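# Structure assessment
Residues per chain, in single letters:
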Amino acid sequence: MNNMIEPFLHYLNQLQAIMQREDITEDLLAQRLCPDMFPLHQQVSTAAALSLRCCCPLFNKEVTNFKRPTVSVNNLLEELDDTIEYLTNLHNNPWESMPASITFVAGFANHTLEPDKYFQFYAWPNFLFHCSMAYAILRTAGLPLSKGDFDGFHRYPPGFSFPS
């Protein structure tokens with residue numbers, strides 16, 4: 001597998017594991033950190049879409065999306081499943097067929113960047129932003145998540161808390 005895809009798969013799998021928890025309920029999907037920010041369901045869906053918006057152009061493929069028409073925990077899990085499966089099956093070497101530049105829309109702004117800059121300065125940071133926002137929404141809602149749930153590396157003993 002291409003090492004460009006592996007970080008996306010790692011964090012999509014972490015996000016999927018969080019969204020599969022029993023304490024993830026339908027009412028949490030509408031939670032937001034602030035009134036003018038995306039709700040949880042959109043943060044998760046946008047993270048999945050950004051992984052595809054990054055990898056598809058780098059592999060010279062048309063950008064695909066697996067967003068479901070209705071919002072539910074099951075539909076988000078299916079979207080994550082389909083995204084993970086699609087990325088897992090991208091096998092060719094992107095450096096052989098990569099375009100000279102990638103044009104994209106960020107908010108209401110149009111941009112064109114070289115592929116490495118597109119990955120480093122736009123796609124990867126934005127993907128992590130939306131993964132982080134999903135985690136922050138769930139923590140704010142009181143779910144007992146740790147940094148290890150986010151990154152898959154940190155481990156803490158049960159009941160551990162950093163001092164205030």
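This text follows the structure it describes.
What you see is a predicted model; the values in this text were computed from it and never measured.

## Things to note about the packing of aromatic side chains
For the structure shown, the criterion picks out 15 aromatic pairs. Each ring, one from tyrosine 11 and one from tryptophan 124, has its centre 6.1 Å from the other, and the planes form 65 degrees; the classification is edge-to-face. Taken as a pair, tyrosine 11 in helix 1 (residues 6-19) and tryptophan 124 in helix 5 (residues 115-140) lie far apart in primary sequence, 113 residues in all. No difference in accessibility class separates tyrosine 11 from tryptophan 124, as the two residues are buried. Among the aromatic residues, those joined into a cluster by ring pairs are Phe8, Tyr11, Phe119, Trp124, Phe127, Tyr135 and Phe150.

## What about a nonpolar patch on the surface?
Residues Tyr156, Phe160 and Phe162 make up a contiguous nonpolar surface patch of about 320 Å² in total accessible area. Under the relative-accessibility criterion, phenylalanine 160 is labelled partly exposed at 40%.

## Comments concerning the pattern of salt bridges
For side chains of opposite charge, pairing can occur when their charged atoms come near one another. The final tally for this structure, using the stated rule, is three salt bridges. Between arginine 21 and aspartate 23 there is a salt bridge, and its shortest N-O distance comes to 2.8 Å. Overall, the relative accessible area of 28% leaves aspartate 23 in the partly exposed class. Ionic contacts of the salt-bridge type, sharing partners, join the residues Arg68, Glu78 and Asp82 into one network.

## Observations regarding the pairing of strand 2 (residues 109-113)
Two strands pair when backbone bridges link them, and strand 1 (residues 102-106) and strand 2 are joined in this way by five bridges, in the antiparallel orientation. Within the sheet, the bridge partner assigned to valine 105 lies in strand 2 and is asparagine 110.

Rules behind the numbers
For every chain, the first residue of the written sequence is number 1, and numbering continues from 1 along that sequence. Per-residue local features of the predicted model are confined to residues with pLDDT of at least 70, and side-chain atom pairs are confined, for both listing and counting, to 80 or more; whole-chain, interface and lining totals are unaffected and use all residues. The basis for every side-chain value is the complete set of heavy atoms in the structure, and neither hydrogens nor water enter the calculation. Aromatic rings from Phe, Tyr and Trp, taking only the six-membered ring of Trp, are treated as a pair when their centres fall within 6.5 Å; an angle between ring planes under 30 degrees marks them as stacked, one over 60 as edge-to-face, and anything in between as tilted. Think of it this way: any DSSP run of H or I at least four residues long counts as a helix, any run of E at least two long counts as a strand, and we number them from the N terminus. Buried residues are those whose accessible area, probed at 1.4 Å on protein chains only, stays under 20% of the maximum for their type, while exposed residues exceed 50% and partly exposed ones sit between those limits. In this scheme, patches are assembled from residues that exceed 30% relative accessible area and form no salt bridge. Like charges are connected within 9 Å, while nonpolar side chains (Val, Leu, Ile, Met, Phe, Trp, Tyr) are connected within 5 Å. Where accessible areas are quoted, they stem from the Shrake-Rupley method and a 1.4 Å probe; at the residue level, only the protein chains shown are allowed to cover. Each salt bridge in this description consists of a side-chain nitrogen of Lys or Arg and a carboxyl oxygen of Asp or Glu lying within 4 Å of one another. Strand pairing is defined by DSSP finding a minimum of two bridges between the two strands.

Shape is all these values report; function is a separate question.
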